[in-house]
Structure formats: structure tokens, C-alpha cells
Amino acid sequence: MKVKLCLVLLLICLTLVGCLPSKQIEKLGVITSRGSDLTEDDEIETTVIIYQFTSKTGRVSKPVSGKGTTIKGALANANLESNFELVPGKIELELFGMELAKKGIFPYLDTLNRDARLPDSMYLAISDPTAKEILTTNEQNISNNIGEHLHGLIDENAADHLLPRVTLQSFLSKYYDIGVDPALPIIEVQGNVPKIKSIAILRDDKYVGEIESKYLLLFQILEETVRNKKFELTLPLKPFEKLIRDNNKATKNSDELHIAMGLVKSKVKSSLVDKQNRLFQTNLTMDVNLLETSEPIALNDPKSLSLLEKEIEKRIKNIANESFAKLQKMDADTFGYGKIYRMHQKDGKLTDEEWREKYPTIKVDFNVKTTITRHGSTD
């Protein structure tokens, strides 16, 4: 009986396999990256990077463009430019031009999300000025094709906590959640090479501003735990003047002290401390190694280390206040204080309209605690 059942199941499997349509890979153009721009006629121009597989040359990549009133229509139009059938199953990066981002990208993300062929793990980014300009960059200036270069650029920086999570899935999660707004990397071309310019701040799905690249790591520290990263800070030199060794040889080219540090570990925790006055508190603790200073400061004395720690804390607190003030001016709750406020509601409910009305009036007290665990050759 078992033998007969196995034979029946085998025949069914063979029949189902025989019903699947087959396509020769040599006749396909596999899309690995796609960019969408808004044209002057309010159409969508799509630029895709495709892989073509041929028996003679092997794998070849090239850009193809098309226009339409929708992304799918633009892709169908782009197909007329290629003698291969364009298939989107391997898209690793979706790039949106700046003008399209200002108008809002959700309608195009919703289309992506409902396409079962596309992975939720694809990266999202904004281009400045256009996605087409980025994707048609001369590949002679980079070590691999443009699609792989851009994906690797975002992947490495996201893994190193220099960028927020930028996958389709994580973006939509924040978009649908009340009390937090998403952020995306902005890519530009500099010296004929694409690079990450800054972090785009979005209110819901619309671009409303950006945070400068010099604040990328510290901006990320205020969102999540970060470990084993290097970063620089600029402090006022005056508090350290009496601590400079061999004072006559000090460079003193400016009134600033530049330091390089290794972030061993950071931890951030935010809470609502006064609901009536909408006062929040964000506590940030950092363990750092001091790697370099622009002036030869004597750090053998514990008082010197304590002074340096306090000046680092002041500077980071100032950056936090500056960043939050910019976000509040943009009416974008990137740090997610609305989620914390929502948890203190009786029913745990908060509408987007309610939080948009409250958010410009909230206050945040940033407390920073820095511990220098090692200071190496500077003492």
C-alpha cells in the first residue's frame, strides 16, 4: 500500500513540474538595481541595472531606462530598449530621485511590497539629484559594476551602524508605526564616484530634510547600541591649555582640540519623565578609548581625564540637542519619542494627527556619561 502511495505522489510531482513555464537565462535581463525619478511631465522615469548572460561573454551589466505613469509601466517601456526580457526578481537596491522623494515614495513601496518576487531585504536610498545620474555613473571609477558598488556601500555602512536600517521591510515597519519616522541614506556623485552624502529625514514617506554626514555615527548612537567604532570630535582648546605638555612646542593653529576615539560600547535609553509637560529624558552612556589628540595633553593626572570626559559629554550633548532641534523643526520624529508617549496612554493608542500636534512642543533632556577606559600613547 505504501509503495502504491509513493508512486502516486511521484506521478503528481512530475505532472506539476511539467506544468511550470521554463525560460532560458540567456533570454533574460535580471534587474539588480532600480532607480525612479519624477520627470517634468509628472511621469516616472525608471533606470535599471541589468545582468545579461550570454554564452560568449558570460555576465554583462548595463543600464536601461523607460518612462511611464507607474513604475511597472516605465519598466514595460524600458523593456522596449532591450532585446532581453527584464525580470525584477534579484533587485537589491531601490533608489528614488530627490524630487520623487519630496512628493512621497510610499505608493511605489506599496507596489514593491505586494510583489512576491521581490525580497523584503532590498535596500532603499535617495539620490541627489537623480537616480538616473547615480546609476549611469562611469564604472571605470569603481572596482565593480554600479549596482554591486551601491549595494556594498550601503550594506557595509549599515552593518557598521553608520546608517539606520534601510531595508524595505524596516522602512515600512516604521511607516506604519505611529510615533516614529523613517530615515534613508542620500547618495550623491562626487569626483565621478557615488558616495553616501548624508541621512535623509522623512516625515511619513516624504523627504523633509537631512542630517550632515559628520553626524552619522553620533546620530546612530542616539538610536541604538553601537560597539567598536572610531569617530572624531572637536572640542574647545581653552579648558586644556594648562594641560598641554611642552607648551612652547604646541601647534595652537586654532582654538580647537581635535580628538580621535574608539567607541567600545554605547547604550541609549529614553523615557517619559513628565507626561503633562511632555518632558522626555534620553540617557546615553559611552565607553571610549582615546586614540589621538591634536595637542600633546598630559593625561597622567586623573583630573585631566575627568576634564576630558566632561568636555566630550558637553560636545555630544550639544550635538544631540542640535540634531533633535533640526528634527523637531522638520516635524519628523526619527528618534521615536511618539512610541514612548503612546505606551503611557491609558489604552495604548495614539493617532498620527494627535502626535503631529504634540511633537513640536515636547522637550528632551539629554544626559551623557562618558568613560575613557584607555588613553594609550597620549599620556
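On a predicted model such as this, the values are computed, not experimentally measured, just so you know.

Novice: Residue-level account of the nonpolar core, with values.
Specialist: In this structure, Leu109, Ile201, Leu233, Phe280, Ile312 and Tyr337 are the most contacted members of the largest nonpolar core, which totals 99 residues. If one sorts the elements of this core by residue count, helix H9 (residues 302-330) sits on top with nine residues. Composition of this core by domain shows at least three residues from each of domain 1 (26-212) and domain 2 (225-246 + 254-374). The residues contacting Phe280, other than those within four sequence positions of it, are Ser271, Leu272, Val273, Tyr337, Ile340, Tyr341, Trp355, Ile362, Lys363, Val364 and Asp365.

Novice: So what about the layout of surface pockets? Which residues, and what values?
Specialist: A volume near 500 Å³ is recorded for the largest pocket. Taken together, 21 residues make up the lining of the largest pocket; nearest its centre are Lys174, Val180, Glu223, Thr334 and Phe335. Secondary-structure elements contributing two or more residues to the lining of the largest pocket are helix H7 (168-176), strand S11 (256-274) and helix H10 (337-343). Class assignment of the residues belonging to the lining of the largest pocket gives a composition of seven nonpolar, seven polar and seven charged. Residue assignment places the lining of the largest pocket across two domains, with domain 1 (26-212) and domain 2 (225-246 + 254-374) each supplying three or more. The computed volume of the second largest pocket comes to approximately 420 Å³. Among the secondary structure elements, those contributing two or more residues to the lining of the second largest pocket are helix H8 (216-221), strand S10 (227-236), S11 and H9. Sort the elements by how many residues they give to the lining of the second largest pocket and S10 lands first, with five residues. Broken down by class, the residue content of the lining of the second largest pocket amounts to eleven nonpolar, three polar and four charged.

Conventions we followed
Residues numbered from 1 in each chain as written. Predicted model: local features only at pLDDT ≥ 70, side-chain atom pairs only at ≥ 80, totals over all residues. Heavy atoms only, no water. Core = buried A, V, L, I, M, F, W, Y, C linked by side-chain atoms within 4.5 Å. Buried < 20%, exposed > 50% of the residue type's maximum accessible area, 1.4 Å probe, protein only. Helix = DSSP H or I, 4+ residues; strand = E, 2+ residues; numbered from the N terminus. Domains from an automatic or database assignment. Contact = heavy atoms within 4.5 Å. 1 Å grid on protein atoms, 1.4 Å probe; cavity = no way out; pocket = protein on both sides within 12 Å on 5 of 7 lines; lining within 4 Å. Points joined across faces, edges and corners; volume = space filled by probe spheres on them. Nonpolar A, V, L, I, M, F, W, Y, C, P; charged D, E, K, R; others polar.

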